[in-house]
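# Inside the fold
Each chain is listed here by its residues.
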Amino acid sequence: DTGVSQDPRHKITKRGQNVTFRCDPISEHNRLYWYRQTLGQGPEFLTYFQNEAQLEKSRLLSDRFSAERPKGSFSTLEIQRTEQGDSAMYLCASTSDTFSYEQYFGPGTRLTVT
Amino acid sequence: RKEVEQDPGPFNVPEGATVAFNCTYSNSASQSFFWYRQDCRKEPKLLMSVYSSGNEDGRFTAQLNRASQYISLLIRDSKLSDSATYLCVGRGNTGKLIFGQGTTLQVKP
């Protein structure tokens, strides 16, 4: 499968725990985006990488959130001291610096904080 | 005010009906526009890009009116398989996508 993959697909955690999600983009894509989607809403932008550089962060990305893309390939999103309000689907998308800029989404990681 | 706004619906239509969705956008989401389709508990998938000249893909027609900051999607001859959430999406300067809330369509036999 050469699409975007995310791991884990589901995560249940207790409030206050730390969680980390992984995204593997399409191999030749140099841009990687993270979004968060809560029930009944469209996805909201969190952050974006071009290669290994994190070029933009949303104000939604509080100091409990950190994202990395150390070698310009896979990316991780960590949430520290999770809160119930962090329960959402976390989506990763990748694209290349081409004219179309079409973003290809992974299947998402569904986080439930109890 | 949200950057991309759309009526969440739901729109309940019979098979074969024509249905239209609209959305409005603010300047920050004004690089280019798309309609994405999202099935229940799945990731969004690109349905079509939207151009000022209008574009058609089979039963789907999309239109952009930059003067009114208004985007539309028309679905003709609705099929049961068209049941999904349709997301109106703008692309900002850095390439990030700015999504509307989504409009839910339920096509009934």
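Everything below is about the structure shown above.
Note that this is a predicted model, so its numbers are computed, not measured.

Attention now moves to the overall build of chain A. The secondary structure content of chain A amounts to 0 helices and 11 strands. In sequence order, the secondary structure elements of chain A are arranged as β-β-β-β-β-β-β-β-β-β-β. Taking 114 residues into account, the globule formula puts the C-alpha radius of gyration at 13 Å, and chain A, at 13 Å, falls close to it. Here the C-alpha coordinates of chain A stretch approximately 40 × 25 × 25 Å along the principal axes. A burial count over chain A gives 47% of its 114 residues as buried. Taking the intrachain contacts of chain A between residues at least 6 apart in sequence as the baseline, contacts between residues at least 24 apart amount to 53%. As displayed, chain A offers around 5900 Å² of accessible surface, 45% of which is attributable to carbon and sulfur atoms.

The next point concerns the state of the cysteines. Residues and elements named next belong to chain A. Counted according to the given criterion, the structure contains 2 disulfides over all chains. Here Cys23 connects covalently by a disulfide to Cys92, the sulfurs 1.8 Å from one another. Here the disulfide of Cys23 and Cys92 is left-handed, its torsion about the S-S bond being about -65°. One end of the pair, Cys23, is in strand E3 (residues 19-24); the other, Cys92, is in strand E9 (residues 88-95), with 69 residues separating them in the sequence.

Residues and elements named next belong to chain A. Among the structural elements, Asn30 can be located in the loop between E3 and strand E4 (31-37). With a relative accessible area of 15%, Asn30 lands in the buried category. In contact with Asn30, other than residues within four places in its own chain, are Phe49, Gln50, Asn51, Arg69, Thr95, Ser96 and Asp97.

Turning to the interface of chain B and chain A, a few remarks are in order. Listed per partner, the contact involves 16 residues of chain B and 20 residues of chain A. Interface area lost by chain B to chain A is led by B:Arg41, B:Thr94 and B:Lys96, which between them contribute 29%. Where chain B meets chain A, there are 1 salt bridge. Among the salt bridges present, the one from B:Lys96 reaches A:Glu56, with a minimum N-O distance of 2.8 Å.

Residues and elements named next belong to chain B. Ordered by their spatial adjacency, 5 strands build an open sheet running E1-E3-E8-E7-E6, and the pairing between neighbours is antiparallel. Every other strand in the sheet has two partners, leaving strand E1 (4-6) and strand E6 (55-57) as the edge strands with one partner each. The average angle at which neighbouring strand axes cross in this sheet is 20°, direction not considered.

In this section: unusual backbone geometry. Following A:Asp7, the chain continues to A:Pro8 via a peptide bond in cis, the omega torsion being -5°. Positionally, A:Pro8 belongs in the loop between strand E1 (5-7) and strand E2 (10-13). Looking along the chain, the bond that leaves B:Gly9 and enters B:Pro10 is cis, with omega of 10°. Mapped onto the secondary structure, B:Pro10 falls in the loop between E1 and strand E2 (11-14). The phi angle at B:Asp77 is positive, at roughly 50°, despite the residue not being glycine. Here B:Asp77 lies in the loop between strand E8 (70-75) and strand E9 (84-91).

Before going further, it helps to examine the sheet that holds E3(A). Residues and elements named next belong to chain A. Spatially, the 4 strands line up as an open sheet ordered E1-E3-E8-E7, and their pairing is antiparallel. Lying at the two open borders of the sheet, with one neighbouring strand each, are E1 and strand E7 (65-68). The average undirected angle you get between the axes of adjacent strands in this sheet is 15°. Across 5 bridges, E3 lies against strand E8 (residues 75-79) in antiparallel orientation. Note on E8: the bridge partner recorded for Thr20 is Glu78.

Residue and element names in this part refer to chain B. Relative to the helices and strands, Pro109 is located in the segment after strand E11 (103-108). A relative accessible area of 84% means that Pro109 is categorised as exposed. Other than its neighbours up to four places away in sequence, Pro109 contacts Glu15 and Leu80.

What follows concerns the pattern of salt bridges. One pass over the full model with this rule turns up 8 salt bridges over all chains. Close ionic contact of A:Asp86 with A:Arg64 constitutes a salt bridge, the shortest N to O distance being 2.8 Å. Highlighted residues: A:Asp86 in the loop between E8 and E9 and A:Arg64 in the loop between strand E6 (53-57) and E7, separated in sequence by 22 residues. Since its relative accessible area comes to 10%, A:Arg64 is described here as buried. Between B:Asp82 and B:Arg59 there is a salt bridge whose closest N-O contact spans 2.8 Å.

Quick notes on the rules
Residues numbered from 1 in each chain as written. Chains lettered and ligands numbered in written order. Predicted model: local features only at pLDDT ≥ 70, side-chain atom pairs only at ≥ 80, totals over all residues. Heavy atoms only, no water. Helix = DSSP H or I, 4+ residues; strand = E, 2+ residues; numbered from the N terminus. Rg over C-alpha atoms; globule rule 2.2 N^0.38 Å. Buried < 20%, exposed > 50% of the residue type's maximum accessible area, 1.4 Å probe, protein only. Contact = heavy atoms within 4.5 Å. Areas by Shrake-Rupley, 256 points an atom, 1.4 Å probe, with all protein chains shown as cover. Disulfide = S-S within 2.5 Å. Buried area = accessible area lost by both parts, 1.4 Å probe. Salt bridge = Lys/Arg side-chain N within 4 Å of Asp/Glu carboxyl O. Pairing = 2+ DSSP bridges. Axes fitted to C-alpha atoms, helices over the stretch in contact; angles between N-to-C directions.

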